Amino acid sequence: MGSEFDFSGALITYISVIGSLLFAIITVSVAGSFVVGGKTGPLAVLSILRLAVEDWLSTSPRRIWAITKLTILEAIRRKALLVGVVFAVLFLFAGWFLAQPASDPEQQVKVYVAFVMRTIAFLIIPMVLLLSCWGIPEDIRVRSIHTVVTKPCRRQEIVIGRVLGFTAIGGLLLAIMGVVGYVWILRQLDAKGRERLVARVPVYGKIAFKDREGVDQKQGINTGDEWMFRSFIEGGTKSRMIWNFEGLDAFNLETADHLPMEAGFQVFRSYKGNMDRGITCQILVVNPDTEKRAVAPLVTSRDQAGKIEQTDNAFEVKEFRENLLQLARRVVDDEGNELDLFKDFVSKGRLRVEVLCLPTQQYIGAAGPDLFVRLPDKPFVVSYAKGLLGIGLLTLMIVVIGVCASTFVKGPVATMTTFFIVLVGATGRAFLDTIVDAKWVGGGAFESIYRIFAHLNPQTELPSTLPFKVMQLVDGAGVGFLRSVRYLFPDFKFFDLTPYVAYGFDVPWTNPVPPNSGALLPSLIITAGYLLPWIVLGYFSLRLRELEAK
Amino acid sequence: MESESVIEIRNLTKIYRDFWGRKKVRALNQLTLDVKKGEVFGLLGPNGSGKTTTLKLLLGLLFPTEGEVKILGEPATNVSKNERIGYLPEETYLYRFLNAEETLDFYGRLFNIPAQVRKDRAKELIEMVGLKHARRRQLREYSKGMTRRIGLAQALINDPDLILLDEPTSGLDPLGSRDMKDLIDKLKEKGKTVVMCSHLLADVQDVCDRIAILFEGDLKVLDRVDKLLVDEGVTQLKTSQLPENVIREVEEVLKRHGASLMNVDHPTSNLEDLFIKTVRESKERPGQRHVADGKPTAAS
Amino acid sequence: MSKLTGLQRKLVYLVGILVLFIPIIVLGRPDEGRTATGGDQGGTLARMRREYDLKESSLGKVDPASASMNLVLLGMRGIAANILWQQAIDLQKTKNWAELRAVTESITQLQPHFLKVWDMQAWNLAYNVSAEWDLVRDRYFWVKEGLKFYQQGVLQNQKYGEMQWRTGNTYSQKIGRADEWKQFRQYFVKDPNTEAFPSGLDPEINPEGKDNYQVAEKWFRDANRTIDDTGIEQHVMGRPLFRSYPVRAMIEFAQAKQREGVFGDITKQAWETAAIEWSQKYGKEEFDSPGGMVHLEVTEKDAKEMQDRGEDDKLNWVYRYQDMCNYRYWRLRCFVEREQNTVDARRDLYNGEVAAAKGDFVEARKLLESGMEKYDTMIRKYPELLEQMETVEDAMVAMIAWRSVLQIESAPVPDDYPLKSVWEQNAGSVGVFNTEYIRRKGLYNK
């Protein structure tokens, strides 16, 4: 799972980036001031720093709150909340367009939930972007800011107050729209659909494969799908998909008579076979310490009292649907011994599960998250709220960037800048990383252009004459520039929590579950990490410029 | 030192540059002056003479090209000096979506004033500037005069020691102007230091102790007002009504002493005085009207 | 007005807004042609739009997300559609079917009058997406989604017979000819989603409970009528071929019934009607050709007369067009199939093959031999039928079944038997027919 969020690595990168940035800024400004102002220059820089420390030490919550309140009042009195009306109108009529009566509820829920959350994001984000980018420049333009900075109000208080104010506006709208959206979803769905509104709490395992000879492999077979996410095992061979679960002892399994799991396998048939029946699979439970193994009996029916009546040793895969599996606690091994799933197979909270495909020449495929232990569901509201929090954090980030940008450029430019940063952060980060980390073949911009016109493929060596060296040098400088500004763009992929909510999963705190890439804690950390530097930047920008409209 | 300096300006120069750093305007040139505690100081000059620039440099809104400014003993760029300063900008750049109470509450918060004090002070100031009837209206609905007054109120919210007023009477009708001047007198009585800039001589002459006259960034005149306005070369006589022959006699007496009568007429109060007098009178006796023969009559 | 306070004024505005909403809702409610209940006719505007064929204005039928996007993008809906299209491809790649469906909907709403968009997206759902699902009932669901898309496309583009033809073609090909045709045709009259459709019929797909070929025939007829009415030509295929589709759907209906072992009046009647339609209506239709206006029904006598009149060139074109549509074969086929002997031959062969597959060898041999006899009679009467592989195939498969029965019973192949000449002529390619034999056997065994 390549997209795990590496917390310690992130911290180290963060500290090193901030550190080197500070170092660079101070060195450059001291050196620059020396060149410009001689001996007094560096002294001036030092006095600026001293003043900055003083300013930050005298930060007052009351003043921040004054600016926050002002910002909120401004937005409200300037009718920014009208966007809420747009929202209401959209939802008044949305039902007309989204209804697909014949579709099954599973699909409908996804579409409705995704629609609500995306609409909320699409309405709030442009609004806060515009608000935050125009607030301070407008203040400077009409010189209202003169009445503020001639009071004992510190510049960072203006920035923080603005950030909080715009975030509060966004948060307020988010809350209102969230509630309206929630009610709307409930009203759109029939009883059966509402049942599908859940937040499943999965415990994922680490996946591994065995090939047809029973040799360990990282990946299974590719059956020709362009999307390499899942890989397949062949039926009727020693091929296995293996999941190693951990931390199962943290959950109270003592009273349960089964282990609830859910599978979402894909099927690949090399011949048609019986089209009316699914491909059958078997689940083996293995004790990771003793290697004791047995076929897991799956509960197929229960009596009225809820007691297990019948079990089956195999199940048919229903593709693209939730395959709920109840692994019965009472397990019988090959020799006919009666064993207890939780006592004899779960060892120190660890359990290995092996899946095999029964029919020969048929294939089943899965990726890591396709089999998980399903803990008791949380209410849908929980994941919905977490998803909205993700939008809220995104809003906060955009506000911070917007406000900071607006401290040194005018409204339109700030808007463009912020929009660009958001755009790159949301769509281009992976691309940026590829270029900066030199994983890009074919060279930089000029080299690529040359290669295109010269019909050279990326592997061909370029002649090492001077013009080419210059070209590569220029390209290198470009990449160097990108490397230095890379961390300016927050990686927004962590903020997209909508898929979890729409697909009925609880939003994970720590590691994103592929193919999604969002998780709550990383987005919180990213937000926190970007917050302070941007605000400090905004502070200095306001402090070091003449607040005169030009 | 008998009176301490509240403002010390030394060799202050400000050059505005364009985007490319090229010199555009020399707005202020080597200005040096002090303002003493408790005085009302006027900065005079035509538009563009550098008055407002000086004020903004004092407040740290602009940074000097050369020279230095100390205000209340601190450099102008220190924010903490603002605790004791009140500033009324040239036009009142207040937040137009706030009403009078909210405005004062907002600026009060910026001084970190506790809620109750803030509330009392706001009430007091609103009454003082006569906006009680309009305290709940958003400033966007205010007339220019009202905006000026609420601007003054916000400048006084922290009970400042030093008050900087940029064109305090601009946009005010003569009555409002008078009120403003009375207020400045009151502030002076309380021992506050006031620095105002204006291009209206009349304003300044009434209230200022000392004035500086700037022209195109240069300081031209700096002195006490009473001294400045006395023209030693002219003696003015004021008498009761004189018949024509007496005037001729006086003229002859003057001739004998080698002086000439420059001008003889009836003293008139200036237009401003007249306007104020009229308004005051009409307030006292409502309904009275001015008629052709100059005699006031009662309305029917 | 000035007497009102600000609050009162705002309340008046609010009431005004709400009052104005009422006519918007009454007038503007869209036509919900897609509800399960058969539904609401929509507001006045929707109705008038239908009446006056102003469906272009149903650009209003855009889902809110894309409507807001449209609003923001102003004139750039082409770009928006492109972005969505890209998104749809990604969603398909990552198997996010529900979102794919929603995005597809948005694309068509952004570009409701691009026939290619409808065709491509509906085809994608019916053919590509459906094939991604493992269970047949899931596949059938996506075929239906594709069909619904086509029908929506027809509603938005009523002047183009092409869209109707494509709808009909999906009804006939995808449901009747897919690998899963057997299940699909059953589902068509008895939907597997019994919860949503307790009657077993999806009202948007098959409201009257007809056979899929009968529904397809209706769509093909509509397509022809639309082209006649509007004069807007289709660009799918040559006109003579295109016009034959209604009758071909009838023929396919009869064939499908036979494939499913249904013989007797239904099929006989169907062939009878098809014969008349083919020769009397379709065959008499005039087509433009370089040799002048021609029609395909030309008997030998007619041909002779034409030659006498010196219309050799015209006759040539007739033959060319006939070849294009395989006119003579189908004409013959319809006439042959409606005969009792043919019906009996097919019934016996089918039942014989089924019996053989099920292991009832005595019965199988009896039926197969009787069937071969009758088939032989048919071929003797109409030897030109052998020009078509289909005729040969049916004979060969029957004989392979018959021979395998003989083998099991350890009986020798007699020296002479019906259809012997067919066997001998095609002995070289027995392997090919054997594959077909095994395929059918699998089918019978289910």
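Model, not experiment: these values are computed from the prediction. (Residues numbered from 1 in each chain as written. Chains lettered and ligands numbered in written order. Predicted model: local features only at pLDDT ≥ 70, side-chain atom pairs only at ≥ 80, totals over all residues. Heavy atoms only, no water.)

As for the overall build of chain C
For step 1, the next point in the chain: Tallying secondary structure elements over chain C gives 21 helices and two strands in all.
For step 2, the next point in the chain: Among the 446 residues that make up chain C, the fraction classed as buried is 50%.
For step 3, the next point in the chain: Pairs at least 24 apart in sequence give 64% of the contacts found in chain C among residues at least 6 apart.
For step 4, the next point in the chain: Surface summary for chain C: the accessible area is close to 21,400 Å², and the carbon and sulfur share equals 55%. (Helix = DSSP H or I, 4+ residues; strand = E, 2+ residues; numbered from the N terminus. Buried < 20%, exposed > 50% of the residue type's maximum accessible area, 1.4 Å probe, protein only. Contact = heavy atoms within 4.5 Å. Areas by Shrake-Rupley, 256 points an atom, 1.4 Å probe, with all protein chains shown as cover.)

Digging into the pattern of salt bridges
Oppositely charged side chains are able to pair whenever their charged atoms sit close together.
For step 1, the next point in the chain: Applying the stated rule across the entire model yields 102 salt bridges over all chains.
For step 2, the next point in the chain: As a salt-bridge pair, Arg451(A) and Glu447(A) come within 2.9 Å of each other at their nearest N and O atoms. Taken together, the positions of Arg451(A) and Glu447(A), both in helix H12 (residues 445–454) and four residues apart, correspond to about one turn of that helix.
For step 3, the next point in the chain: Arg451(A) gets classed as buried once you look at its relative accessible area, which sits at 8%.
For step 4, the next point in the chain: Taking relative accessible area as the criterion, Glu447(A) reaches 8% and is therefore assigned buried.
For step 5, the next point in the chain: One salt bridge in this structure joins Glu285(C) and Arg239(C), with 3.7 Å as the shortest N-O distance. In this pair, Glu285(C) is assigned in the loop between helix H13 (265–281) and strand E1 (287–289) and Arg239(C) in helix H11 (residues 239–243), connecting sequence segments 46 residues apart.
For step 6, the next point in the chain: Taking relative accessible area as the criterion, Arg239(C) reaches 29% and is therefore assigned partly exposed.
For step 7, the next point in the chain: Because the salt bridges share partners, they merge into one network encompassing Arg333(C), Glu337(C), Arg346(C), Glu353(C), Glu390(C), Glu393(C), Asp394(C), Glu436(C), Arg439(C) and Arg440(C). (Salt bridge = Lys/Arg side-chain N within 4 Å of Asp/Glu carboxyl O.)

Looking at the interface of chain B and chain A
The parts lose accessible area when they come together, and the size of an interface is often stated as this lost area.
For step 1, the next point in the chain: Between chain B and chain A, the residue contacts involve 35 residues of the former and 36 residues of the latter.
For step 2, the next point in the chain: Here chain B meets chain A over a buried area of about 3,200 Å², counting both sides, of which 58% is carbon and sulfur.
For step 3, the next point in the chain: Interface area lost by chain B to chain A is led by Tyr93(B), Phe97(B) and Leu110(B), which between them contribute 21%.
For step 4, the next point in the chain: In this structure, the connection of chain B to chain A is made through three salt bridges.
For step 5, the next point in the chain: Linking Glu546(A) and Lys14(B) is a salt bridge whose minimum nitrogen-to-oxygen distance equals 2.4 Å.
For step 6, the next point in the chain: Sorting the residues of the side of chain B that touches chain A by element identifies helix H1 (51–59), helix H2 (100–110) and helix H3 (115–128) of chain B as the ones contributing at least two each. (Buried area = accessible area lost by both parts, 1.4 Å probe.)

Points about unusual backbone geometry
All names here are of chain C.
For step 1, the next point in the chain: Backbone geometry at Lys95 places phi at a positive 60 degrees, although glycine is not the residue there.
For step 2, the next point in the chain: Position of Lys95 among the secondary structure elements: in the loop between helix H4 (77–93) and helix H5 (97–110).
For step 3, the next point in the chain: Notably, Ser410 is not glycine yet its phi reads approximately 55 degrees, a positive angle.
For step 4, the next point in the chain: Secondary-structure assignment places Ser410 in the loop between helix H19 (389–408) and helix H20 (420–426).

As for the sheet that holds strand E17 (residues 362–366) of chain A
All names here are of chain A.
For step 1, the next point in the chain: In spatial order, the strands read E4-E17-E7; together these three strands make up an open sheet with antiparallel pairing. Each having just a single partner strand, strand E4 (231–234) and strand E7 (266–269) make up the two edges of the open sheet. Each neighbouring strand pair of the sheet contributes to a mean axis angle of 30 degrees, computed without reference to strand direction.
For step 2, the next point in the chain: The sheet contact formed by E4 and E17 spans four bridges and is antiparallel. Looking at E17, one finds that Glu234 is bridged to Tyr363. (Pairing = 2+ DSSP bridges. Axes fitted to C-alpha atoms, helices over the stretch in contact; angles between N-to-C directions.)

Focus on the pairing of strand E11 (residues 308–312) of chain A
Residues and elements named next belong to chain A.
For step 1, the next point in the chain: As paired elements, strand E10 (residues 298–302) and E11 share four bridges and run antiparallel to each other. Its bridge partner being in E11, Val299 is matched across the sheet by Thr311.
For step 2, the next point in the chain: Counted along the chain from E10 to the antiparallel partner E11, the turn is five residues long, and its residue Gly306 has a positive phi close to 90 degrees.

Looking at the packing of aromatic side chains
For step 1, the next point in the chain: Taken as a whole and assessed by the stated rule, the structure comprises 44 aromatic pairs over all chains.
For step 2, the next point in the chain: Centroid distance Phe492(A) to Phe495(A): 5.5 Å. Interplanar angle 65 degrees. Geometry classified as edge-to-face.
For step 3, the next point in the chain: Taking relative accessible area as the criterion, Phe495(A) reaches 4% and is therefore assigned buried.
For step 4, the next point in the chain: Their ring planes at 70 degrees and their centres at 5.0 Å tell us that Tyr539(A) and Phe540(A) sit as a pair that is edge-to-face.
For step 5, the next point in the chain: Among the aromatic residues, those joined into a ring-pair cluster are Phe320(A), Trp97(C), Trp133(C), Phe141(C) and Trp142(C).
For step 6, the next point in the chain: Above the ring of Trp219(C), the side-chain terminus of Lys218(C) is found at 4.8 Å from the ring centroid. (Phe/Tyr/Trp six-rings, centres within 6.5 Å; stacked < 30°, edge-to-face > 60°. Lys NZ or Arg CZ within 6 Å of the ring centre and 35° of its normal.)

Details of empty space enclosed by the protein
For step 1, the next point in the chain: For the coordinates displayed, the defined rule picks out eight cavities of 30 Å³ or more.
For step 2, the next point in the chain: Arg155(A), Leu59(B), Gly60(B), Thr77(B) and Lys81(B) are the residues nearest the centre of the largest cavity, which is lined by 13 residues in total.
For step 3, the next point in the chain: Considered class by class, the residues forming the lining of the largest cavity number six nonpolar, four polar and three charged. (1 Å grid on protein atoms, 1.4 Å probe; cavity = no way out; pocket = protein on both sides within 12 Å on 5 of 7 lines; lining within 4 Å. Points joined across faces, edges and corners; volume = space filled by probe spheres on them. Nonpolar A, V, L, I, M, F, W, Y, C, P; charged D, E, K, R; others polar.)

Focus: the nonpolar core
For step 1, the next point in the chain: Membership of the largest hydrophobic core comes to 160 residues, with the highest contact counts inside it found for Ile120(A), Ile7(B), Phe106(B) and Leu164(B).
For step 2, the next point in the chain: Per element, the largest residue contribution to this core is 19 residues, and it comes from helix H5 (residues 105–141) of chain A.
For step 3, the next point in the chain: Sequence-distant contacts of Ile7(B), defined by excluding residues within four places in its chain, comprise Leu33(B), Asp34(B), Val35(B), Leu58(B), Lys70(B), Ile71(B), Leu162(B), Leu164(B) and Val195(B).
For step 4, the next point in the chain: Of all hydrophobic cores here, the second largest spans 60 residues; its members include Trp317(C), Val336(C), Leu368(C) and Ala411(C). (Core = buried A, V, L, I, M, F, W, Y, C linked by side-chain atoms within 4.5 Å.)

Remarks on the pairing of strand E2 (residues 23–36) of chain B
For a regular strand, side-chain orientation follows a simple rule: the groups alternate between the two sheet faces.
Residue and element names in this part refer to chain B.
For step 1, the next point in the chain: Sheet analysis places strand E1 (residues 5–17) next to E2, joined by nine bridges and oriented antiparallel. Bridged to Leu12 within E2 is Leu31.
For step 2, the next point in the chain: Here E1 hands over to E2 after five residues, with Gly21 in that stretch at a positive phi of 85 degrees.

Comments concerning the side chain of Asn99(B)
Residues and elements named next belong to chain B.
For step 1, the next point in the chain: One can find Asn99 in the loop between strand E6 (85–88) and H2.
For step 2, the next point in the chain: Separated by 3.1 Å, the side chain of Asn99 and the backbone nitrogen of Glu101 make a polar contact.
For step 3, the next point in the chain: Beyond its immediate sequence surroundings of up to four residues, Asn99 is in contact with Arg135, Arg136, Arg137, Gln138 and Leu139. (Polar contact = N/O pair within 3.5 Å; in protein donor to acceptor, adjacent residues only side chain to side chain.)

Here's the deal with the domain arrangement of chain C
All names here are of chain C.
For step 1, the next point in the chain: Looking at the assigned domains, one finds that chain C contains domain 1 (253–338) and domain 2 (341–445).
For step 2, the next point in the chain: Placing the centre of domain 1 and that of domain 2 at their C-alpha centroids yields a distance of 28 Å.
For step 3, the next point in the chain: If you look at the interface, domain 1 gives 15 residues, while domain 2 gives 12 residues.
For step 4, the next point in the chain: In total, domain 1 and domain 2 occlude about 1,300 Å² of area from one another, counting both sides; carbon and sulfur atoms represent 64% of this.
For step 5, the next point in the chain: Looking only at domain 1, the three residues that lose the most surface to domain 2 are Phe263, Tyr329 and Val336, adding up to 44% of its buried area.
For step 6, the next point in the chain: Summed over the shared surface of domain 1 and domain 2, the result is two salt bridges.
For step 7, the next point in the chain: The partner of Arg333 in a salt bridge is Glu390, with the nearest N and O atoms 3.5 Å apart. (Domains from an automatic or database assignment.)

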